[in-house]
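Each chain, written out:
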Amino acid sequence: MRKINIDELITKFAGKDRRAFAKAISIVEDNEQDKDKLLDYAYEQAAGCESLIIGVTGAGGAGKSTLIDKLICEYRKMGKNVGVIAVDPSSPYTGGAVLGDRIRMSSHNCDDGVYIRSLGSRGAWGGISDAAKDVLYLYKVFGFDVIILESLGVGQAETEITNFVDVTVVVLAPGFGDAIQMAKAGVQEIADVFVINKADKPEAENLYMHLISTFDTLPVNEQPLVVKTVASEGKGMDTFVAAVAQAAEKQIPKREQKRVTRIEHEILSDMHKTIAPGLLKLAKKLAGKVLAKEISLMRIGENLKDKIRIDGS
């Protein structure tokens, strides 16, 4: 097999070649040799991109993929190009995505204005993997009008998604025992739009009223929007699209601060990956000293200050 010329690939990628785009995603996901050069290009070019990035999260079984499928249809009616990154559980054997959300969105396979890619979570706790965060830059540079990032449905740990998107959508389904608890916990604080999907169920109205009453205590400009859909039938999608547009408008003043927060997060993540092996080696060494009573466990922090010098001034 001919070795990929990364400069040639970047040139084709810049020319909107879909095969080059797909290969670029694989290079990032598989952490291949030329990944850093490719991402340097993407980071530099992404600064001027104006894609609307929508994060969709929520517990498994709420109908996120079906909702996204219909959302794609709505944006395609508006003439917008749509890119989707669907984070699925990883195969324990290959590390690739297991569920393959693109199967549930297969009606768009022949549409050149839509590109859907499933990525494995690779053990990520925040609902999205490091690869998905990097691939997001490739999507922005490729020129999609709308980018939808579907996070892994892992419950309350998936709040990280808000750092990487313009609008965060939390999908709930009536009748789920943990739906209201999700709304009350950390997910409530990051949601710009709540979607009560499968709203034809009898419990839907109670859940809707509960959410509305819960948010009444917040200032009007901080209240998340709540909409009802039956995604399997395409019902409520126009209201959902309008809610996303309204939420995106509200987020404009916060966009710069969110960008700074995202960069800080990415720097910390990269630092962790860089120094983690050394920290683990040091921890093993210190554990031996603690067991030998050469140092107190409570004094480890002071010892680390001597070993690790980081000037944050």
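Everything numeric here is computed off the predicted structure, so don't read it as measured data.

A look at helix α5 (residues 130–142)
Then, number 1: The terminal C-alpha atoms of α5 lie 19 Å apart, and with 13 residues this matches the ideal 18 Å at 1.5 Å per residue to within 8%.
Then, number 2: Within α5, 12 of the 13 residues are buried, leaving the element largely enclosed by the surrounding structure.
Then, number 3: Residues Ala-131, Ala-132, Lys-133, Asp-134, Val-135, Leu-136, Tyr-137, Leu-138, Tyr-139, Lys-140, Val-141 and Phe-142 constitute the buried set of α5.
Then, number 4: Gly-143 sits one or two positions beyond α5 and adopts a positive phi of about 100°.

Digging into the packing of helix α2 (residues 18–29) against α5
In helix packing, the relevant descriptors are the interaxial angle and the interaxial distance, both defined with respect to the helix axes.
Then, number 1: Closest axis-to-axis distance for the α2/α5 pair is 9 Å, and the angle between their directions is 160°. Judged on the interaxial angle alone, α5 and α2 are roughly antiparallel. Helix-helix and strand crossings are classified by hand; for α2 and α5 the assignment is right-handed. In this structure, α2 contributes Arg-18, Phe-21, Ala-24, Ile-25, Val-28 and Glu-29 to the contact, and α5 contributes Ala-131, Asp-134, Val-135, Leu-138, Tyr-139 and Phe-142.
Then, number 2: Taken together, the residues of the contact of α2 with α5 break down into 9 nonpolar, no polar and 3 charged.

Quick look at the environment of Gly-113
Then, number 1: For Gly-113, the position within the fold is in the loop between β2 (82–88) and β3 (114–120).
Then, number 2: Between the C-alpha atom of Gly-113 and that of Arg-76, which follows or precedes it by 37 residues, the distance is 7.6 Å.

Things to note about a nonpolar patch on the surface
Then, number 1: Together, Ile-263, Ile-267, Leu-268 and Met-271 line one region of the surface with nonpolar side chains, adding up to about 350 Å² of accessible area.
Then, number 2: If you trace the backbone, Ile-267 turns up in helix α10 (residues 255–291).

Regarding the packing of helix α1 (residues 6–14) against α2
Then, number 1: Contact geometry for α1 and α2: axes closest at 8 Å, N-to-C directions at 130°. The orientation of α1 with respect to α2, classified from their angle, is oblique. Here the hand of the crossing between α1 and α2 comes out left-handed. Along its contact with α1, which presents Ile-6, Leu-9, Lys-12 and Phe-13, the element α2 presents Ala-20, Phe-21, Lys-23, Ala-24 and Ile-27.
Then, number 2: Residue composition of the contact of α1 with α2, grouped by class: 7 nonpolar, no polar and 2 charged.

So, the sheet that holds strand β6 (residues 193–196)
Then, number 1: Sheet architecture is open: 7 strands sit in the order β3-β2-β4-β1-β5-β6-β7, paired in parallel fashion. In the strand order of this sheet, the two ends are held by β3 and β7 (225–228), each with one partner. The average angle at which neighbouring strand axes cross in this sheet is 20°, direction not considered.
Then, number 2: By the bridge criterion, 4 bridges tie β6 to β7 in an arrangement that is parallel. Along β7, the bridge assignment pairs Phe-194 with Val-226.

Here we look at the confidence of the model for the protein
Then, number 1: Summarising the model, the protein shows a mean pLDDT of 83, and 81% of its residues fall at 70 or more.
Then, number 2: Taken as a whole, residues 90–98 scores under 50 in pLDDT and shows 19 contacts with residues more than four places along the chain or in a different chain.

Looking at the pattern of salt bridges
Then, number 1: In this structure the tally under the stated criterion is 10 salt bridges.
Then, number 2: Among the ionic pairs, Glu-74 bridges to Lys-77, the shortest N-O distance being 3.3 Å. Here Glu-74 and its partner Lys-77 are both found in helix α4 (residues 64–77), 3 residues apart, which amounts to about one turn of the helix.
Then, number 3: Among the salt bridges present, the one from Lys-228 reaches Glu-205, with a minimum N-O distance of 2.7 Å. Of the two residues, Lys-228 sits in strand β7 while Glu-205 sits in helix α8 (residues 204–215), which places them 23 residues apart along the sequence.
Then, number 4: The class of Lys-228 is partly exposed, set by a relative accessible area of 32%.
Then, number 5: Note on Glu-205: relative accessible area 38%, which makes it partly exposed.

What counts, and where the lines are drawn
Residues numbered from 1 in each chain as written. Predicted model: local features only at pLDDT ≥ 70, side-chain atom pairs only at ≥ 80, totals over all residues. Heavy atoms only, no water. Helix = DSSP H or I, 4+ residues; strand = E, 2+ residues; numbered from the N terminus. Expected span 1.5 Å × (residues − 1). Buried < 20%, exposed > 50% of the residue type's maximum accessible area, 1.4 Å probe, protein only. Axes fitted to C-alpha atoms, helices over the stretch in contact; angles between N-to-C directions. Parallel < 35°, antiparallel > 145°, perpendicular 65-115°, else oblique. Left-handed = near helix turned anticlockwise from the far one by under 90°. Contact = heavy atoms within 4.5 Å. Nonpolar A, V, L, I, M, F, W, Y, C, P; charged D, E, K, R; others polar. Patch = residues over 30% accessible without salt bridge, like charges linked within 9 Å, V, L, I, M, F, W, Y side chains within 5 Å. Areas by Shrake-Rupley, 256 points an atom, 1.4 Å probe, with all protein chains shown as cover. Salt bridge = Lys/Arg side-chain N within 4 Å of Asp/Glu carboxyl O. Pairing = 2+ DSSP bridges. pLDDT = per-residue confidence, 0-100.

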